[in-house]
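# Geometric and topological summary
Read off the chains here:
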Amino acid sequence: MNSSVPSDYSEAYIALGANLGNREQTLVEAIQMLEEYADISVIRCSGFYETAPVGYVDQPSFLNMAVKVYTTQSPHELLSTLLHIENQLGRVRDIRWGPRTVDLDLLWMDDLYLNSETLELPHPRMHERAFVLVPLQEIVTADTPALFSLVENALQQVADQQQDVRYAGACPLSFPSKLK
Ligand SMILES: Nc1ncnc2c1ncn2[C@@H]1O[C@H](COP(=O)(O)OP(=O)(O)OP(=O)(O)O)[C@@H](O)[C@H]1O
Ligand SMILES: Nc1nc2c(c(=O)[nH]1)N=C(CO)CN2
C-alpha cells in the first residue's frame, strides 16, 4: 500500500493498448476521457511502446502504455468506466485477443486481490506480458512496494519478450492535480 496516496483515494494502474486506426491519438483521447471524470485524477503516464502482438499473432503491432490514477471510484465502478471509454472510442469485441481500436485493462488497485465474475485483481495475465510490464515499470515506484516487486520479478521472467517491446516516444500530456 502506498502511504502517500491522499486519504479517501485509491491508487490504480491501467494498461492501454491499440492496434487499429490512429493508435496514438486514440490512446491520448482515452487518457483525456479518464481525466474528465471529476473523481479520477491521472497522476502519471508512461511513454508509448511499439509492441509485437501476443496471443493472436496475425494482426498489426500494438501501441501500449500505462497510466497511474487516483480515484474515489470503487474497483467495479472503475472497470465500468474503462469499458464505457472503450465503447465510446469504438471498441468492437470479436476475436479474443484480436485487433482493437483501444483496450483498457485495470492492472492493480491499492493492494486488492479480487476474483469476481467480472473483475480480477491484480489483472490475471499482467505478469506474463512484457507489453504491460515495461510501460508499467516506468511509472511504478518503491512507494508501492508490492506492485514494485511484482513488476521487477515478472520482468525477469519475460526477458525473452523484451525485444518485442520498443520505446516509441513520450506521452504528450501533463496533468495539473485536481486533488485538494
Ligand atoms: N482486471 C481486469 N481488467 C479489465 N477487464 C477485466 C479484468 N478482470 C476481469 N475482466 C473482464 O474481462 C472482460 C474482457 O476484457 P477484454 O475484452 O478487454 O479482454 P482482452 O483484453 O481481450 O483479454 P485480456 O483479458 O487477456 O487482456 C471484461 O469485460 C471484464 O469483465
Ligand atoms: N502487443 C500486444 N499484444 C496483445 C495486446 C496488447 O495490448 N499488446 N492485447 C491483447 C489482449 O489484451 C492481446 N495481445
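What counts as what
Residues numbered from 1 in each chain as written. Chains lettered and ligands numbered in written order. Predicted model: local features only at pLDDT ≥ 70, side-chain atom pairs only at ≥ 80, totals over all residues. Heavy atoms only, no water. UniProt positions renumbered as here; feature names shortened; annotations may be inferred. Helix = DSSP H or I, 4+ residues; strand = E, 2+ residues; numbered from the N terminus. Buried < 20%, exposed > 50% of the residue type's maximum accessible area, 1.4 Å probe, protein only. Near = heavy atom within 4 Å. Polar contact = N/O pair within 3.5 Å; in protein donor to acceptor, adjacent residues only side chain to side chain. Areas by Shrake-Rupley, 256 points an atom, 1.4 Å probe, with all protein chains shown as cover. Nonpolar A, V, L, I, M, F, W, Y, C, P; charged D, E, K, R; others polar. Contact = heavy atoms within 4.5 Å. Phe/Tyr/Trp six-rings, centres within 6.5 Å; stacked < 30°, edge-to-face > 60°.

If you check an unreviewed UniProt entry, the protein appears there as 2-amino-4-hydroxy-6-hydroxymethyldihydropteridine diphosphokinase from Paenibacillus bovis. Regarding the protein, the relevant UniProt record gives this comment under Catalytic activity (unreviewed entry): "6-hydroxymethyl-7,8-dihydropterin + ATP = (7,8-dihydropterin-6-yl)methyl diphosphate + AMP + H(+)". In its Pathway (unreviewed entry) section, the UniProt record describing the protein reads: "Cofactor biosynthesis; tetrahydrofolate biosynthesis; 2-amino-4-hydroxy-6-hydroxymethyl-7,8-dihydropteridine diphosphate from 7,8-dihydroneopterin triphosphate: step 4/4."

Here we take up the environment of glycine 55. Mapping glycine 55 onto the fold places it in the loop between strand 3 (49-51) and strand 4 (62-71). Here glycine 55 falls in the exposed class, since its relative accessible area comes to 54%. For the pair glycine 55 and arginine 96, spaced 41 residues apart in sequence, the C-alpha to C-alpha distance is 8.8 Å.

Our next topic: the site of ligand 2. The environment of ligand 2 is formed by eleven residues, the closest being Thr51, Ala52, Val54, Asn64 and Phe131. Between a nitrogen atom of ligand 2 and a side-chain N or O atom of threonine 51, the distance comes to 2.7 Å. Residue aspartate 103 places a side-chain N or O atom 3.2 Å away from an oxygen atom belonging to ligand 2. Taking 340 Å² as the accessible area of ligand 2 by itself, protein coverage stands at 96%. For the shell around ligand 2, the class distribution of residues is six nonpolar, two polar and three charged.

Once that is clear, we can look at the environment of alanine 154. Topologically, alanine 154 is positioned in helix 4 (residues 145-157). What alanine 154 contacts, discounting residues up to four positions off in sequence, is His127 and Leu133.

Once that is clear, we can look at the packing of aromatic side chains. One pass over the structure, following the stated rule, counts one aromatic pair. With 5.4 Å between their ring centres and 75° between their planes, tyrosine 49 and tyrosine 167 make a pair best called edge-to-face. Of this pair, tyrosine 49 sits in strand 3 while tyrosine 167 is found in strand 8 (residues 165-167), placing the two residues 118 residues apart along the sequence. On the accessibility criterion, tyrosine 49 (8% relative accessible area) is buried. Relative accessible area serves as the criterion here: at 44%, tyrosine 167 is assigned to the partly exposed category.

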